[in-house]
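Coordinates in review
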Amino acid sequence: DAGITQSPRYKITETGRQVTLMCHQTWSHSYMFWYRQDLGHGLRLIYYSAAADITDKGEVPDGYVVSRSKTENFPLTLESATRSQTSVYFCASSGAGTSWYNEQFFGPGTRLTVL
Amino acid sequence: DQQVKQNSPSLSVQEGRISILNCDYTNSMFDYFLWYKKYPAEGPTFLISISSIKDKNEDGRFTVFLNKSAKHLSLHIVPSQPGDSAVYFCAGLIQGAQKLVFGQGTRLTINP
């Protein structure tokens with residue numbers, strides 16, 4: 001499928017478990033992002049990546065790990081899930097130079113519940 | 001520190017009337033402001049943007065106004081339609097940083 005996809009769409013896990021959320025984009029965009037959406041906070045940036053093998057922290061990186069070995073994939077791992085990580089997670093991508101305002105394109109989201 | 005704030009969690013407007021969604025910011029370094037629209041169970045989609053050197057940008061039924069002295073922007077939707085019912089996010093962008101800073105969102109409901 002063309003565009004940006006996330007898997008799984010829904011995930012229930014238990015406290016302490018490791019969870020990996022997948023993100024795949026077909027546009028060969030340089031930049032990729034992970035956000036979490038929580039009531040009252042809007043969308044908060046967890047991590048982002050400017051290119052393969054280049055990642056950096058966002059606003060709320062604690063408890064998360066990312067990697068980017070290929071341009072098209074940007075997985076997000078919760079090493080030891082906590083209840084506070086229950087949220088909806090969105091992946092996004094943008095191509096530097098594609099537009100003057102660097103629009104980001106979002107995936108459909110993954111709803112994660114940590115019991 | 002909330003750099004972008006949307007102080008109205010929800011707004012209800014009658015179909016055909018004007019919807020006005022507001023956004024305030026504190027970071028003077030933002031070069032652009034973007035509005036995103038989000039339907040339930042979907043990711044946000046880009047709606048309209050404005051450069052910090054402009055005071056207005058219009059695209060069909062959607063107009064964004066920027067008041068730099070007040071650090072305030074607003075999105076006007078005229079006329080409002082039922083399909084406009086969604087959550088709207090305002091975001092600031094610093095050019096080159098590639099990172100968007102989002103507000104909390106405003107849920108807009110258009111009533112028939």
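For the structure, check the block above.
Residues numbered from 1 in each chain as written. Chains lettered and ligands numbered in written order. Predicted model: local features only at pLDDT ≥ 70, side-chain atom pairs only at ≥ 80, totals over all residues. Heavy atoms only, no water.

**Overview of the sheet that holds strand S6 (residues 56-59) of chain B**
All names here are of chain B. To keep things clear, this is the line we draw: Strands pair, by our definition, only if DSSP identifies at least two bridges between them. By definition, any uninterrupted DSSP run of H or I lasting at least four residues is a helix, any uninterrupted run of E lasting at least two residues is a strand, and each is numbered from the N terminus.
If you trace the 5 strands from one edge of the open sheet to the other, you get S1-S3-S8-S7-S6, paired in antiparallel fashion. The sheet terminates laterally at strand S1 (4-5) and S6, the two strands that pair on one side only. When S1 meets strand S3 (residues 19-25), the two strands line up antiparallel, connected through 2 bridges. Across the sheet, the residue bridging to Lys 5 is Asp 24, located in S3.

**Remarks on the layout of surface pockets**
Here is the rule we go by: Cavities and pockets were defined on a 1 Å grid built over protein atoms only: a cavity is a set of grid points that admits a 1.4 Å probe from which the probe cannot escape, a pocket is an open set flanked by protein on both sides within 12 Å along at least five of seven lines, and lining residues are those with an atom within 4 Å of any such point. Grid points are joined across faces, edges and corners, and a volume is the space filled by probe spheres set on the points. Each residue is assigned to one of three groups, with Ala, Val, Leu, Ile, Met, Phe, Trp, Tyr, Cys and Pro labelled nonpolar, Asp, Glu, Lys and Arg labelled charged, and all others, Gly among them, labelled polar.
Here the largest pocket defines a volume of roughly 570 Å³. Residue lining of the largest pocket: 28 residues in total, with Gln37(A), Leu39(A), Lys38(B), Val87(B) and Arg107(B) positioned closest to the centre. Listing elements by their share of the lining of the largest pocket, those giving two or more residues are strand S4 (31-38), strand S9 (87-94) and strand S11 (110-114) of chain A together with strand S9 (86-93) and strand S11 (106-111) of chain B. Residues that form the lining of the largest pocket fall into these classes: 12 nonpolar, 10 polar and 6 charged. The wall of the second largest pocket is formed by 19 residues, among which Glu59(A), Gln3(B), Leu100(B), Val101(B) and Phe102(B) lie closest to the centre. Of all the secondary-structure elements, those providing two or more residues to the lining of the second largest pocket are strand S5 (42-51) of chain A together with strand S10 (100-102) of chain B. Residues belonging to the lining of the second largest pocket are distributed by class as follows: 9 nonpolar, 5 polar and 5 charged.

**What about the sheet that holds strand S1 (residues 4-7) of chain A?**
Residue and element names in this part refer to chain A. The condition that has to hold: Orientation is described by lines fitted to C-alpha atoms, with helices fitted over the stretch in contact, and by angles between N-to-C directions that extend from 0 to 180 degrees.
Spatially, S1-S3-S8-S7 is the arrangement adopted by the 4 strands of the open sheet, whose pairing is antiparallel. Edge positions in the sheet fall to S1 and strand S7 (64-66), since each of these pairs with one other strand and no more. Direction aside, neighbouring strands of the sheet carry axes that sit 20° apart on average. Pairing of S7 with strand S8 (residues 76-78), which is carried by 3 bridges, proceeds in the antiparallel orientation. By the bridge assignment for S8, Val 66 is matched with Leu 76.

**Quick notes on the packing of aromatic side chains**
All names here are of chain A. The condition is simple: Note on ring pairs: Phe, Tyr and Trp rings are taken, using the six-membered ring of Trp, and paired if centres are within 6.5 Å. Classes follow the plane angle, with under 30 degrees stacked, over 60 edge-to-face and the rest tilted.
This model, assessed by the stated rule, comprises 15 aromatic pairs over all chains. Aromatic side chains Trp 27 and Phe 105 sit 5.1 Å apart centroid to centroid with 50° between the ring planes, which places their arrangement in the tilted category. In this pair, Trp 27 sits in the loop between strand S3 (19-25) and S4 while Phe 105 sits in strand S10 (residues 105-106), placing the two residues 78 residues apart along the sequence.

**Observations regarding the pairing of S11(A)**
Residue and element names in this part refer to chain A. Here is the rule we go by: Here's how the labels work: a residue is buried when its accessible area is under 20% of the maximum for its type, exposed when over 50%, partly exposed in between, all with a 1.4 Å probe on protein chains only.
Judged by which residues are buried, S11 turns out to be one-sided: Thr 110, Leu 112 and Val 114 face inward and are buried, whereas Arg 111 and Thr 113, on the alternate face, are not. Two elements, strand S2 (residues 10-13) and S11, share 4 bridges in a ladder whose sense is parallel. Directly across from Tyr 10, in S11, lies its bridge partner Arg 111. Note: S9 against S11, 3 bridges, orientation antiparallel. Note that in S11 the partner of Val 88 across the bridge is Arg 111.

**Here's the deal with the state of the cysteines**
Short version of the rule: The criterion for a disulfide is a pair of cysteine sulfur atoms lying within 2.5 Å.
Going through the model one piece at a time under the given rule, you end up with 2 disulfides over all chains. Paired through a disulfide, Cys23(A) and Cys91(A) show a sulfur-sulfur distance of 1.8 Å. Torsion about the S-S bond of the Cys23(A) and Cys91(A) cystine: about -75°, corresponding to left-handed handedness. Of this pair, Cys23(A) sits in strand S3 while Cys91(A) sits in strand S9, and the two are 68 residues apart along the sequence. Across a sulfur-sulfur distance of 2.1 Å, Cys23(B) and Cys90(B) are joined as a disulfide pair. Disulfide Cys23(B)-Cys90(B): torsion about the S-S bond near -75°, hence left-handed. Of the two residues, Cys23(B) is situated in strand S3 and Cys90(B) in strand S9; the sequence distance between them amounts to 67 residues. Both residues of the pair, Cys23(B) and Cys90(B), count as buried.

**What about the side chain of Thr77(A)?**
All names here are of chain A. What counts is decided by this rule: We call two N or O atoms a polar contact when they sit within 3.5 Å, provided that within protein one can donate a hydrogen and the other can accept it, with sequence-adjacent residues counted only if both atoms are side-chain atoms.
Along the polypeptide, Thr 77 turns up in strand S8. What makes Thr 77 buried here is its relative accessible area of 14%. A distance of 3.0 Å separates polar atoms of two side chains, one belonging to Thr 77 and the other to Thr 20.

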